[in-house]
Amino acid sequence: MKITPYLFFNGEGSEALDFYAGVFGSKPAAVMRMSDAPPDMPIPEDRKNWIMHSELPVGSGRIFLSDDVMSNPGPMQGGCSIMVELPGAEEARKVFDALSEGGEIRMEFQPTFWAAGFGTLTDRFGVRWMVGCEEAPQAA
């Protein structure tokens, strides 16, 4: 069994996909545009280039991403975050800094009692992230 986060955007899907691909050093495995839909599917003309479905490999997992063509969703809200765990604090810090660019840091990336580094943020697209590492904290 796999659990895959599926992120929805309001016309910012292409920008978000490019952003996350850069942050995670990955290339999309699949991108389908609304213009690829069957001709009888009612897609507004100004949304034909929106993303219908995309898949971005991230480490041993993946993220699905789409624009919500039939509605106009606002920024993501609620108690859900995507947790990213990297081997070391230095690598985790780089991902945290990249994701937080243009967003809002909720908890600064810092050493904790459970890991050498952990922080939380909301990125510029409204997606909440928790970034940590497997590296153990320094002994006091």
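Cut-offs and rules
- In this convention, every chain numbers its residues from 1, walking through the sequence in written order.
- The predicted nature of this model means local features are confined to residues of pLDDT at least 70 and side-chain atom pairs, given and counted, to a pLDDT of 80 or more, with totals for whole chains, interfaces and linings taken over all residues.
- In computing side-chain values, all of the structure's heavy atoms are included and hydrogens and water are not.
- Following DSSP output, two strands are said to pair if at least two bridges run between them.
- A run of H or I in DSSP counts as a helix once it spans at least four residues, and a run of E counts as a strand once it spans at least two, with each numbered from the N terminus.
- Angles run from 0 to 180 degrees between N-to-C directions of axes, and those axes are lines fitted to C-alpha atoms, restricted for helices to the stretch in contact.
- When accessible area is computed with a 1.4 Å probe and restricted to protein chains, residues below 20% of their type maximum are described as buried, those above 50% as exposed, and intermediate ones as partly exposed.
- In what follows, a contact means two residues having at least one pair of non-hydrogen atoms within 4.5 Å.
- Any Lys or Arg side-chain nitrogen located within 4 Å of an Asp or Glu carboxyl oxygen qualifies as a salt bridge.

**Remarks on the sheet that holds strand β4 (residues 61-67)**
Inference 1: Strands sit in the order β1-β4-β3-β2 across an open sheet of 4 strands; the sheet is mixed. Whereas interior strands pair on both sides, the edge strands pair on one side only; in this sheet they are β1 (6-9) and β2 (30-33). Within this sheet the neighbouring strands show an average axis-to-axis angle of 20°, counted without direction.
Inference 2: Of the pairings in the sheet, the one linking β2 to strand β3 (residues 51-58) comprises 4 bridges and is antiparallel in character.

**A look at the side chain of Thr112**
Inference 1: Mapped onto the secondary structure, Thr112 falls in the loop between β6 (104-110) and β7 (118-122).
Inference 2: On the basis of relative accessible area, Thr112 is assigned to the buried category, the value being 13%.
Inference 3: For Thr112, the contacting residues outside a window of four places in its chain are Met107, Phe118 and Pro137.

**A look at the pairing of β4**
Inference 1: In terms of residue burial, β4 counts as a mostly covered element, since 5 of its 7 residues are buried.
Inference 2: Sheet analysis places β1 next to β4, joined by 4 bridges and oriented parallel. Within β4, the position partnered with Leu7 by the bridge is Leu65.
Inference 3: Here 5 bridges tie β3 to β4, and the two strands are oriented antiparallel to one another.

**Let's talk about the pattern of salt bridges**
Inference 1: Within the structure shown, the criterion is met by 4 salt bridges.
Inference 2: The residue Arg62 makes a salt bridge to Glu55 at a minimum N-O spacing of 3.7 Å.
Inference 3: Among the salt bridges present, the one from Glu90 reaches Lys94, with a minimum N-O distance of 4.0 Å. Highlighted residues: Glu90 and Lys94, both in helix α2 (residues 89-100), separated by 4 residues, approximately one helical turn.
Inference 4: The exposed category is assigned to Glu90, whose relative accessible area is 61%.

**Looking at the environment of Ala37**
Inference 1: Here Ala37 is to be found in the loop between β2 and β3.
Inference 2: When the C-alpha positions of Ala37 and Lys48 are compared, they lie 9.0 Å apart, and in sequence the two are 11 residues distant.
Inference 3: Look past the residues within four positions of Ala37 in its chain and what remains in contact with it is Ile43 and Met52.

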